[in-house]
Amino acid sequence: MAALGWLTPRRRSATARSVLAGEASAEAARKSTQEVLEREPEFPVPGDDRAAAFFDLDNTVMQGAALFHFGRGLYKRKFFDTRELARFAWQQAWFRLAGVEDPEHMQEARDSALSIVQGHRVSELQSIGEEIYDEYMAERIWPGTRALAQAHLDAGQRVWLVTAAPVEIATVIARRLGLTGALGTVAESVDGVYTGKLVGEPLHGPAKAEAVRALALAEGLDLTRCAAYSDSHNDIPMLSLVGHPYAINPDSKLRKHARQMDWRLRDYRTGRKAAKVGIPAAAGVGAVAGGTAAAIALHRKRR
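Criteria and thresholds
- Residues numbered from 1 in each chain as written.
- Predicted model: local features only at pLDDT ≥ 70, side-chain atom pairs only at ≥ 80, totals over all residues.
- Heavy atoms only, no water.
- Helix = DSSP H or I, 4+ residues; strand = E, 2+ residues; numbered from the N terminus.
- Buried < 20%, exposed > 50% of the residue type's maximum accessible area, 1.4 Å probe, protein only.
- Contact = heavy atoms within 4.5 Å.
- Areas by Shrake-Rupley, 256 points an atom, 1.4 Å probe, with all protein chains shown as cover.
- Axes fitted to C-alpha atoms, helices over the stretch in contact; angles between N-to-C directions.
- Parallel < 35°, antiparallel > 145°, perpendicular 65-115°, else oblique.
- Left-handed = near helix turned anticlockwise from the far one by under 90°.
- Nonpolar A, V, L, I, M, F, W, Y, C, P; charged D, E, K, R; others polar.
- Polar contact = N/O pair within 3.5 Å; in protein donor to acceptor, adjacent residues only side chain to side chain.
- Pairing = 2+ DSSP bridges.
- pLDDT = per-residue confidence, 0-100.
- Phe/Tyr/Trp six-rings, centres within 6.5 Å; stacked < 30°, edge-to-face > 60°.

A. View of the overall build of the protein. Helix and strand counts for the protein stand at 11 helices and 8 strands. Going through the 303 residues of the protein one by one, you find that 46% of them count as buried. Partitioning the intrachain contacts of the protein with sequence separation of at least 6 by distance along the chain shows that 64% fall at a separation of at least 24. In the form shown here, the protein has an accessible surface area of approximately 16,000 Å², with 54% of it arising from carbon and sulfur atoms.

Below you can see the structure in the form of structure tokens.
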């Protein structure tokens, strides 16, 4: 067995040089960690009451578009017919697969929603919104983005949703997530009944930035200490307002801009955007299946 002694590791006591090497390595690791901490101070900063966070909703906090999920819930309650459902389904499929907001689709969806709720009471839609959140939205919240929002809340900061979705449904979502509140598109109502018109324009693009600016002024916030999160290049005006902009699940234009501006990026998507298109299961809605199949085929063709 002596001949095999060379295979057996020998126990050697540490020499002065090995001790020196070990101590030097430990010190280098400690300094490296300290440098990282100095470069990246704790964020969000606990107790900073002049800081807040602003989160886009569609595809940032939630998979898909809130307006389309809301439409599904209204269809279930017979607010509109199968033909309208097919259109909502196609628009939702496109949004989920393309990962970008198509202005024409979004305008059509808003016009449809306004015509659908016209004549209904605001209180009725608020109550229905609570049910629709449980049915279609709760399971589509991105856990990663939810954790980011919670970090701001844990630091004692206010957190707002900023979305083109109706303010009523946005407020429901914000409350269910334990957030401070929501900025959303305001539909005109008279004596508590929807007229089918908007107050101003949809809260989209530059309008979001103006809403955040106005809220910051009213709440005494310092925008240079605030954070904003979005997936869309349409929200670059809002992201550019704050001192801590984040691109979340970004579209290609936002990703490019974020890299150029050295903004932080987070992507919580686990696969291709074709996963979980989320079309309602309704017997006999052939147009829904056809629209979804066409969207998937187009997506594959572009890959």
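Still to come is the rest of the account.
B. Up close: the packing of helix α5 (residues 122-137) against helix α7 (residues 167-176). Contact pair α5 / α7: the axes reach a minimum separation of 9 Å and the direction vectors enclose 50°. Considered as vectors, α5 and α7 are oriented oblique to each other. Handedness of the α5/α7 crossing: right-handed. Across the interface between the two elements, V122, Q126, G129, E130, Y133, D134 and M137 of α5 pack against E168, I169, V172, I173, R175 and R176 of α7. Partitioned by chemical class, the residues of the contact of α5 with α7 number 6 nonpolar, 2 polar and 5 charged.

C. Local environment of helix α10 (residues 252-261). By the N-cap criterion, in which a side-chain oxygen at the helix start approaches the backbone nitrogen of a residue two or three places on, α10 is capped by D251, the distance to K253 being 3.2 Å. Of the residues one or two after α10, D262 is the one with positive phi, at around 60°.

D. Quick look at the packing of helix α2 (residues 66-76) against α5. With their axes 9 Å apart at the nearest point, α2 and α5 run at an angle of 105° to one another. As far as their axial angle goes, α5 and α2 are roughly perpendicular. Contacts between α2 and α5 involve A66, H69, F70, R72, G73, L74 and K76 from the former and L125, I128, G129, I132, E135, Y136 and M137 from the latter. Across the contact of α2 with α5, the residue classes tally to 8 nonpolar, 3 polar and 3 charged.

E. Representation of the sheet that holds strand β7 (residues 244-248) within the structure. An order of β3-β2-β1-β6-β7-β8 is seen for the 6 strands of this open sheet, with the pairing classed as parallel. Where the open sheet ends on each side, the last strands, each with one partner, are β3 (181-185) and β8 (264-266). Averaged over neighbouring strand pairs, the angle between their axes works out to 20° when direction is ignored. In this sheet, β3 lies alongside strand β2 (residues 158-166) in parallel orientation, the contact comprising 4 bridges. Bridged to P166 within β3 is T185. Along the sheet face, helix α6 (residues 143-154) touches β1 (52-56), β2, β6 (227-230) and β7 and points at about 160° away from the line of β1.

F. Up close: unusual backbone geometry. We note that D191 has phi near 55°; this positive angle belongs to a residue other than glycine. Mapping D191 onto the fold places it in the loop between β4 (187-190) and β5 (193-198). Given the relative accessible area of 69%, D191 is considered exposed. At D262, a residue that is not glycine, the phi angle is positive and equals roughly 60°. Examined against the element boundaries, D262 turns out to sit in the loop between α10 and β8. The class for D262 is exposed, based on a relative accessible area of 68%.

G. Structural view of the pairing of β5. Pairing geometry for β4 and β5, over 3 bridges, is antiparallel. Residue pairing across strands places S189 opposite Y194, the latter belonging to β5. Hairpin connection from β4 to β5: 2 residues lie between these consecutive antiparallel strands, with D191 at a positive phi of about 55°.

H. Looking closely at the environment of S230. Note that S230 resides in strand β6. Beyond its immediate chain neighbours, meaning those up to four positions away, S230 contacts D56, T60, D235, M238, L239, Y246, A247, I248 and L254. For S230, the side chain forms a polar contact with the main-chain nitrogen of S232, separated by 3.2 Å.

I. A look at the environment of I248. Looking at the element boundaries, I248 is found in strand β7. Spatially, the C-alpha atoms of I248 and S230 are 5.4 Å apart, while their sequence positions differ by 18 residues. Here I248 is in contact with N59, T60, T145, L148, Y229, S230, D231, R266 and Y268, once residues within four sequence places are set aside.

J. Just the confidence of the model for the protein, in detail. Across the protein, the average pLDDT comes to 77, with 65% of residues at 70 or higher. When the criterion is pLDDT under 50, residues 271-303 qualifies, and its contacts beyond four places in sequence or with other chains add up to 42 contacts.

K. Just the packing of aromatic side chains, in detail. According to the stated counting rule, one finds 3 aromatic pairs in the structure shown. Taken together, a centroid distance of 6.2 Å and an interplanar angle of 15° make the contact between F43 and Y246 stacked. In this pair, F43 sits in the loop between α1 (16-39) and β1 while Y246 sits in strand β7, placing the two residues 203 residues apart along the sequence. F43 sits in the partly exposed class, given a relative accessible area of 26%. Among the residues examined, Y246 registers a relative accessible area of 5% and is labelled buried. Site record: aromatic cluster; members linked through ring pairs are F43, F55, Y229 and Y246.

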